[in-house]
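Reading the structure
So you can see what is in the structure, the chains are spelled out below.
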Amino acid sequence: MIRRFAETYRRLRLGTRLALGMGVLSLVVFAVVGASLSMYMRGYLERQLNDQMKLVQITQSKDVTAYGTVQGKPYYGWYTASYEVSADSAVLRKPADVPADADELATVAEALQASGHDPLFRTAHIKGKGTYRLRACEAEPGVVLVTAAPMDDIEDTMDQLATVQVVAFALALVGLVVFGRAVLRRGLKPLSDMAHTARGITSHDFTDSARLPVRADRGNGGPEVEELRTAFNTMLEHIDDSLAVRTEAEQRLRRFVADASHELRTPLMSVRGYADLFQYAAANEPEEREKHLARLRAEAARMGILLDDLLLLARLDAAEVEAPVRLEDADLAELVRQAAEAFRAARPDHPLAVTAGPDPVRLRLDALRIRQVLDNLLTNAAVHTPAGTEVSVEVSVVADAAVVRVTDSGPGIPAADQELVFDRFFRIDKARSRDRGGSGLGLAVARSLVQAHGGTITLTSGPGATTFTMRLPLAP
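Let me sum up the structure you'll find in this document. (Residues numbered from 1 in each chain as written. Predicted model: local features only at pLDDT ≥ 70, side-chain atom pairs only at ≥ 80, totals over all residues. Heavy atoms only, no water.)

1. Observations concerning the environment of Asp118
Stated formally: Segments assigned H or I by DSSP are reported as helices when at least four residues long, segments assigned E as strands when at least two residues long, and all are numbered from the N terminus. Every residue pair with non-hydrogen atoms within 4.5 Å of one another is taken to be in contact.
Inspection of the secondary structure puts Asp118 in the loop between helix H3 (103-115) and strand S3 (120-126). Distance from Asp118 to Glu138, taken between C-alpha atoms, is 6.9 Å for residues 20 residues apart in sequence. In this view, Asp118 contacts Leu112, Ala136, Cys137 and Glu138; residues no more than four positions away in its chain are not counted.

2. Points about the environment of Val146
Note the following rule: Burial status follows relative accessibility: with a 1.4 Å probe on protein chains alone, a residue under 20% of its type maximum counts as buried, one over 50% as exposed, and anything between as partly exposed.
Looking at the element boundaries, Val146 is found in strand S5 (residues 143-150). Residue classification places Val146 among the buried residues on the basis of a relative accessible area of 0%. When the C-alpha positions of Val146 and Ala81 are compared, they lie 5.4 Å apart, and in sequence the two are 65 residues distant. Every residue in contact with Val146, bar those within four places of it in the chain, is listed here: Gln57, Tyr79, Thr80, Ala81, Tyr83, Leu105, Ala109, Arg135 and Ala136.

3. Concerning a nonpolar patch on the surface
This is how it is decided: Within the patch definition used here, like charges are joined within 9 Å and nonpolar side chains (Val, Leu, Ile, Met, Phe, Trp, Tyr) within 5 Å, considering only residues with over 30% relative accessible area and no salt bridge. Computed by Shrake-Rupley with a 1.4 Å probe, the accessible areas treat only the displayed protein chains as cover when residues are assessed. Counted as salt bridges are all cases of a side-chain nitrogen of Lys or Arg within 4 Å of a carboxyl oxygen of Asp or Glu.
On the surface, a nonpolar cluster with roughly 260 Å² of combined accessible area is contributed by Val24, Val28 and Val32. Position of Val32 relative to the elements: it lies in helix H2 (residues 14-67).

4. Regarding the side chain of Thr469
Relative to the helices and strands, Thr469 is located in strand S12 (residues 465-473). Taking the relative accessible area as the measure of exposure, Thr469 reaches 10% and is therefore buried.

5. Section: the packing of aromatic side chains
By convention here, two paired aromatic rings are described through the distance between centres and the angle between planes. Under the convention used in this document: Aromatic rings from Phe, Tyr and Trp, with only the six-membered ring used for Trp, were paired whenever their centres fell within 6.5 Å, and each pair was classed as stacked if the ring planes differed by under 30 degrees, edge-to-face if by over 60, and tilted otherwise.
According to the stated counting rule, one finds three aromatic pairs in the structure shown. Judged by centre distance (4.8 Å) and plane angle (15°), the rings of Phe30 and Phe169 are stacked. Placement of Phe30 in helix H2 and of Phe169 in helix H4 (residues 152-187) is noted, with a sequence separation of 139 residues between them. Residue classification places Phe30 among the buried residues on the basis of a relative accessible area of 18%.

Function cannot be read off these values alone, since they describe shape.
Here it is in structure tokens:
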């Protein structure tokens, strides 16, 4: 039974449970208040009755002194008697107005003489009459006056008071539960709204959308509910951002797979075609065999470079698992000079100016990978500018970083493409032709390698000046 009640209680809504809890607490408070009020009222009425009996006995004591007994009956239903009390017993003086069962009156008289307390009060039940309040006092030496007053009026008053309390407390309890539940439901409405918002999230399709269109609206509810609403919306913002990042990563992965497939398909088809031509030439035109074999090797080498770049990017993306770079002490200025010499030898149609101080720029870096970044930046400047375009490289130290700037005086990069040049497989040439460049991985590899060193690479471009700026932290 108790278990079933507990299960039913747990299934109730929070507002109902709180209202019932308030009702139980109020019931305890009402019980304490009612009991305290009843005890105070009974004590007050008994004190009034005691004072009334005292006044009556003052008059009756004079009768006992003058006539030996009480002459008159004070009130209807009251009893008064005088007793001669000795060491052994109390003897009633007659005539006396006492009930048929007057043992309680004699007992009170004997108790007064034995205890020495004057006056002495007691509440006793007289057979056939009911509950009476007894007061005993010594009228004269050896004579005790006992007055018995009925307590029916007090009991009736207490019964009426108890009835009024029960009815009033019951109505107050019902009103408290009913109206309290309504107030609590209104106060908990923001929580219901948040639950509705959460259900809206579960029904949202995250397949193609990275944004959550739902938020917990502002409203009443107090500081605690507002704090919960703020935390709830903050959580939604975090989920929203995470979904956006995940969706962007998925879209980039799709583009990466599509571009990689496209880039690998062309050399593979070329390899296959040149292999067929080589087979045909070997059988029919031996003099053409070496030419086809050279083309076959060139396409295989090109595909190998593309695969090497893809493998390097994959290792850089998995930097937490495998260290992508091997750091050692190196001179950045010397690496720039070496890259410049190689560029002049390979690109004599592009004049190159190098600006570097005489002092070495010592850094902790992977010399091979930073040289690859420099080669990529210089090659990019030569590939995308016409012959005769001036290219410059500047090495400097600013604050706590070493800065390398590669600048060309070419036509510049369109503003719409400047944010995309570091994306993998991105080419400014939308036709994806290869007569002016590679696979579109050079700048993506450069950025990933610089980030692996804890640095940054940025682009600023306009007509007549395009600058790639690489910042690497100085060795501590």
